Each structure stands twice: as C-alpha cells, then as structure tokens.
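Close look at the chain arrangement
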Amino acid sequence: MPHRLTGSFGVLAAAIAFSPIVLAQTGKPSESEKAHAQSSTATKQLSHDLSGVWMQYDDGTAPGFARMDAVDDRTRPPLTPWGQAKFDAAKPLMGPRAIGGQEDSAALHCDPSGPPQLLILPNPWEIVQNPGRTFLFYEEYHIWRTIWTDGRPLPKDPDPSWLGYSVGHWEGDTFVVETVGFNDKVWADLSGNPRSEQMHLTERYRRLNHDTLEQQIIIDDPKSYTKVWVSPPKRHKLEPTWEIAEWFCASSEIQAYDKDVRKPSGGGSAEPNK
C-alpha cells in the first residue's frame, strides 16, 4: 500500500512541493509516515530475528519419508563414480532400497549425525542468536552447532569433522550459512546419498512471518555429484511453547532397538533367541 500511494500522489506532491504552507509543515512528519516507518522497522527486526524452536511442516511431497524432503531426491543430480559406489554400498533406513533388519546407518552405531542429514529429520531444533555467532540446537543427540557471524572467512584447509565449520551472513532478509570441513562418515540423507570431504553446504533461512521459517539446502559436492544439488525450500513452524528435550544415543537403547525392532522385521541378520 505505501508504494501504491507514492505512485498515485507523486505528481501532486511535485506540484505543491514549494507551496509556502507545505514548506512550513515539512519539518513535521504525518501520522501515516510515522506508521509506515514503524511498520518497516518492525518487519526488518522480525526478518532478522530467527530465534525460537522450529518444527518441520509435513507437506506430503515425499510419501514414505517422515517429512524428510528438505534434501529432495527428485532434484538430485547424477552421482560421480565415487558417489555411486558409496550409494550402492549404503543400506538405508528409509526409501525403496531399505530392507528391514539390514539397515546400516551411522545412527545405529551411536555415531554423531551431521549436516545435511541432521537438518532434515522430523525433530525440533532451536535457533539462539548472539553478537558474533548464532547457535543451532538440535533435539537429536543433543547436538549443537556454532555459526560464526563476526565476519571471519571459511577456513581454507579445515580438519574433517562431523559438523564442519560454519560461518553466516545476511543477504537482505535471508540468513546464509556456509559450511565446509566435513568427513564422509555421514550420509546426506537417510536414503544413502553420500557426502564427501569436498562438500560445501549452503543453508538459506528466511522468516516469512512470525510463525513460519523457510529453509533451503544447497549441496555442492563435486566428489559425490556431477552438479550442485539444489533442493526446494522447506517450511518450518514456530513452536513457542516447546522446549528441546534430552535425547542421547545410549548403547542400551540401540541394543533394545536391534532386538525388538530391527531383527524381528525380517532382516537377514536376525538370529533366533537373540
């Protein structure tokens, strides 16, 4: 509406700009101008405030995947020979290649998760913003990440790690997170798509309104894929009454899952009375 008003009254404003009466009043902004300025300030403050506990929307675009379509298989580029070998060797938890009882995800061995797989699971996560850095807290395994926002560059030769090394900056109303320095021990998703030490991960976050956060994941991994893998944006819902719960990977729970769920599901590794 403010832009339309500007266009409609532009000629009129020019015609009377030098009127003595107008000149006498220009030092005092009108109520509409004040309201517009306050609205613009509030919108900017909201767009740069990403804090809160967020949960993914189930948009139904990936049947059989529990809201895990923020890394979308339908947009995955062709695999490189190295990536294809890793993909063929994977025994995924979900998707058409999953075989009950034969899954071999790192999660079943209590290995830490990491981006981008960490970003797509249907679990709540929280953003906490501080000067110079932003923290992302995930309910899964109580993992947390540091996003440096003090202007430092990405390291040129980082040591490979589960979570990588992240820096962030603002592009208008979008918070852009870039991460390098990954190991190749975690899949990019639960379908067995790989990630390598060459992966450069970009996450783009934009607050559409008070209750909705948009996230887009872009994977640039020339060792795994022949092109950059760009997934469509995924929306998350603000849950103002939620708290991040305690969730750790305990070997006793993994053993119980293996005994009560994984082996009885029909996998070839099941053994009687065990």
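The structure reproduced in this document is the subject of the present report. Bear in mind that the values here come from a model prediction, so they are computed numbers and not experimental data.

What counts as what
Residues numbered from 1 in each chain as written. Predicted model: local features only at pLDDT ≥ 70, side-chain atom pairs only at ≥ 80, totals over all residues. Heavy atoms only, no water. Disulfide = S-S within 2.5 Å. Helix = DSSP H or I, 4+ residues; strand = E, 2+ residues; numbered from the N terminus. Buried < 20%, exposed > 50% of the residue type's maximum accessible area, 1.4 Å probe, protein only. Core = buried A, V, L, I, M, F, W, Y, C linked by side-chain atoms within 4.5 Å. Contact = heavy atoms within 4.5 Å. Pairing = 2+ DSSP bridges. Phe/Tyr/Trp six-rings, centres within 6.5 Å; stacked < 30°, edge-to-face > 60°. Lys NZ or Arg CZ within 6 Å of the ring centre and 35° of its normal.

**Points about the state of the cysteines**
- In the structure shown here, the tally under the stated rule is 1 disulfide.
- Paired through a disulfide, cysteine 110 and cysteine 249 show a sulfur-sulfur distance of 2.0 Å. Sign of the S-S torsion, about -90 degrees for the bond between cysteine 110 and cysteine 249, identifies this disulfide as left-handed. Here cysteine 110, found in the loop between helix 4 (81–89) and helix 5 (117–120), pairs with cysteine 249, found in the loop between strand 10 (234–238) and helix 6 (251–262); they are 139 residues apart in sequence, far enough to count as distant.
- For cysteine 110, a relative accessible area of 26% corresponds to the partly exposed category.
- Given the relative accessible area of 25%, cysteine 249 is considered partly exposed.

**Comments concerning the nonpolar core**
- Residues Trp125, Tyr205, Ile217 and Ile219 are the most contacted members of the largest nonpolar core, which totals 29 residues.
- Elements with a minimum of two residues in this core: helix 5, strand 2 (125–130), strand 3 (133–138), strand 6 (174–180), strand 7 (200–209) and strand 8 (212–220).
- Residues contacting isoleucine 219, with those up to four places away along its chain left out, are Val71, Pro116, Ala188, Met199, His200, Leu201, Tyr225, Val228 and Trp229.

**Structural notes on the pairing of strand 8**
- Burial analysis of strand 8 places 8 of its 9 residues in the buried class, which makes it a mostly covered element.
- Pairing geometry for strand 7 and strand 8, over 9 bridges, is antiparallel. From the neighbouring strand, arginine 204 faces strand 8, where its bridge partner is glutamine 216.
- Here strand 7 hands over to strand 8 after 2 residues, the two strands then running antiparallel side by side.

**Quick word on the packing of aromatic side chains**
- Counted under the stated rule, the structure contains 7 aromatic pairs.
- For the ring pair tryptophan 125 and tyrosine 205, a centre distance of 5.9 Å and an interplane angle of 55 degrees mean the geometry is tilted. Separated by 80 residues along the polypeptide, tryptophan 125 in strand 2 and tyrosine 205 in strand 7 bring together distant segments of the chain. Pair check on accessibility: tryptophan 125 and tyrosine 205 agree, each one buried.
- With a centroid separation of 5.2 Å and an interplanar angle of 70 degrees, the aromatic rings of tyrosine 225 and tryptophan 229 are classed as edge-to-face.
- An aromatic cluster of at least three residues, connected via ring pairs, comprises Trp125, Tyr138 and Tyr205.
- Its end group placed over the ring of phenylalanine 87, arginine 97 keeps NZ or CZ at 3.7 Å from the ring centre.

**Things to note about the environment of tryptophan 242**
- Looking at where tryptophan 242 falls in the secondary structure, it is placed in the loop between strand 10 and helix 6.
- A residue is classified by how much of its surface remains accessible, and tryptophan 242, at 36% relative accessible area, is partly exposed.
- C-alpha separation for the pair tryptophan 242 and tryptophan 125, spaced 117 residues apart in sequence, amounts to 9.9 Å.
- When residues no more than four places from it in sequence are discounted, the contact partners of tryptophan 242 are Val53, Met55 and Pro124.

**Thoughts on the pairing of strand 1 (residues 52–56)**
- With 5 of 5 residues buried, strand 1 lies mostly within the body of the structure.
- Neither face of strand 1 is exposed, since Gly52, Trp54 and Gln56 on one face and Val53 and Met55 on the opposite face are all buried.
- Judged from the 3 bridges that link them, strand 1 and strand 2 form a sheet pairing that is antiparallel. Within strand 2, the residue paired with glycine 52 across the bridge is isoleucine 127.

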